[in-house]
Amino acid sequence: MSRRGQLDVVVAGGGVVGAAAALVLAREGLQVALVEARRPAPWRRDDPDLRVYAFAPDNAALLDGLDAWAPVLAARAQPYRGMRVWDAGGGDPLVFEADALGQRQLGWIVENGLLVDVLWQRLAAAGVRLHCPARIASLQQEEGGVRVGLDDGSTLEARLAIAADGGASALREMAGIAAPRHAYGQQGVVAFVASEHAHQATCWQRFLPTGPVAFLPFATDDGDPRAGRLGSIVCTLPDAEATRLIDAAPEVFARALAQAFGGELGGFALQSPRVGFPLLRQLADDYVAGRVLLLGDAAHRVHPLAGQGVNLGLRDVAALQALVRQARANASDWASPARLARWARTRKSENAVNAHAFEAINRAYSNDALLPTLLRGHALSIAGKLPPLARALWRHAAGV
């Protein structure tokens, strides 16, 4: 039990993962505070967020338990019923179809800003104490908890501090947890585009020697002439090529994109600014140090190859929720060091496997050497012709 006036949890970071963690733990009956440097801007329908996710069914279920999924669906979410993955080096595509997998959809394409907005609207009603704008300026660890000082001069005491404040996590650094970075020398270039051919509620991904290029279908309003053709693209490119295409004339960029997809979606028309972000792998050495626990990007940043970054972070949250529920069912201490250590080992192992798998796939396919080129397209073909393997691959990505 916590001391009188002591919180159970202080969460640093109010993005999707941090806000979801605060809500989950508050809904489990814990006393939670959320510290965030700036209040997120309200989501606007007429200003789509370039940062979108291929949202998995297990995480939709997590948000549904927070009464946060239905509002997302009502606002704007594009279900996708197919995935098509193929290699520029040849071979048959790997195809996932909802009907063949017994699903209504494989997932949804949703905006980061919308998710954050919906989650924040539920913080106060759940009893989360919000400290915003504020940053954690100091950390003092004690045997039974932490004392964190905020930059507004206030102090919070809690049994546990959660770092969900991103890849450059200040709280992680204060806890003395190292998180080595490995830069790929690549950028992800994102933009909204309209394709000539209908996207068919399908996610399209093609592997090129320079890196994968993906088209994610995006929802439109009724009557929008781009309905069925609007999408978010993510191009993985070497740094110099990424910079060149970001600065290129829109028609030059559109031609390069059409060529990258091998004409499968026809031509393209740019619908937004282009933004590039550096790609890297960053895995924390530990997920827990004393009374500080890491979630999401503070613990792991992975290649965006499979669109799994936010999905992995929310699975950290779901595992933490399961930890609290199991402890309470057993009338035991949810915050015991042994229990937190078991959570950390499990999540670190799973996330590391995923991170290195994404990197290995990217390395194998971002290669124009003869032997890998000859083999990799056939590897996709083999997976596509073995339904149990294809089903297992999808179930892993979907968390079901």
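Since the structure is predicted, the reported quantities are computational estimates derived from the model, not experimental observations. (Residues numbered from 1 in each chain as written. Predicted model: local features only at pLDDT ≥ 70, side-chain atom pairs only at ≥ 80, totals over all residues. Heavy atoms only, no water.)

## Digging into the overall build of the protein chain
Moving on, step 1. Each helix and strand counted, the protein chain has 11 helices and 20 strands in total.
Moving on, step 2. Across the 400 residues of the protein chain, 52% fall into the buried class.
Moving on, step 3. Taking the intrachain contacts of the protein chain between residues at least 6 apart in sequence as the baseline, contacts between residues at least 24 apart amount to 74%.
Moving on, step 4. When the accessible surface of the protein chain is summed, it comes to about 17,200 Å², and 53% of that surface belongs to carbon and sulfur atoms. (Helix = DSSP H or I, 4+ residues; strand = E, 2+ residues; numbered from the N terminus. Buried < 20%, exposed > 50% of the residue type's maximum accessible area, 1.4 Å probe, protein only. Contact = heavy atoms within 4.5 Å. Areas by Shrake-Rupley, 256 points an atom, 1.4 Å probe, with all protein chains shown as cover.)

## Details of helix H1 (residues 16-27)
Moving on, step 1. Its 12 residues place the ends of H1 16 Å apart at the C-alpha level, agreeing with the 16 Å of an ideal helix rising 1.5 Å per residue.
Moving on, step 2. Considered for burial, the residues of H1 that qualify are Val-16, Val-17, Gly-18, Ala-19, Ala-20, Ala-21, Ala-22, Leu-23, Val-24, Leu-25 and Ala-26.
Moving on, step 3. Phi turns positive, to about 95 degrees, at Gly-29, one or two residues after H1. (Expected span 1.5 Å × (residues − 1).)

## Digging into the packing of helix H2 (residues 57-64) against helix H8 (residues 309-329)
Moving on, step 1. As a packed pair, H2 and H8 sit with axes 10 Å apart at the nearest point and diverge in direction by 50 degrees. Classified by the angle between their axes, H2 and H8 sit oblique to one another. When the axes of H2 and H8 are compared, the crossing they make is left-handed. Contact residues: Asp-58, Asn-59, Leu-62 and Leu-63 in H2; Asn-311, Leu-314, Arg-315, Val-317, Ala-318 and Gln-321 in H8.
Moving on, step 2. Of the residues assigned to the contact of H2 with H8, the class counts are five nonpolar, three polar and two charged. (Axes fitted to C-alpha atoms, helices over the stretch in contact; angles between N-to-C directions. Parallel < 35°, antiparallel > 145°, perpendicular 65-115°, else oblique. Left-handed = near helix turned anticlockwise from the far one by under 90°. Nonpolar A, V, L, I, M, F, W, Y, C, P; charged D, E, K, R; others polar.)

## Comments concerning the packing of H1 against helix H4 (residues 112-120)
Moving on, step 1. For the pair H1 and H4, interaxial distance at closest approach is 9 Å and the crossing angle is 25 degrees. Between H1 and H4, the interaxial angle falls into the category roughly parallel. The handedness of the crossing between H1 and H4 is left-handed. Contact with H1, carried on its side by Val-16, Ala-19, Ala-20 and Leu-23, involves Asn-112, Leu-115, Val-116, Leu-119 and Trp-120 of H4 and no other residues of that element.
Moving on, step 2. Among the residues making up the contact of H1 with H4, the classes are represented as eight nonpolar, one polar and no charged.

## Some details on the side chain of Asp-58
Moving on, step 1. When you line up the elements, Asp-58 lands in helix H2.
Moving on, step 2. Of the polar contacts made by the side chain of Asp-58, one reaches the side chain of Arg-315; its length is 2.6 Å. (Polar contact = N/O pair within 3.5 Å; in protein donor to acceptor, adjacent residues only side chain to side chain.)

By themselves, these figures tell us nothing about what the structure is for.
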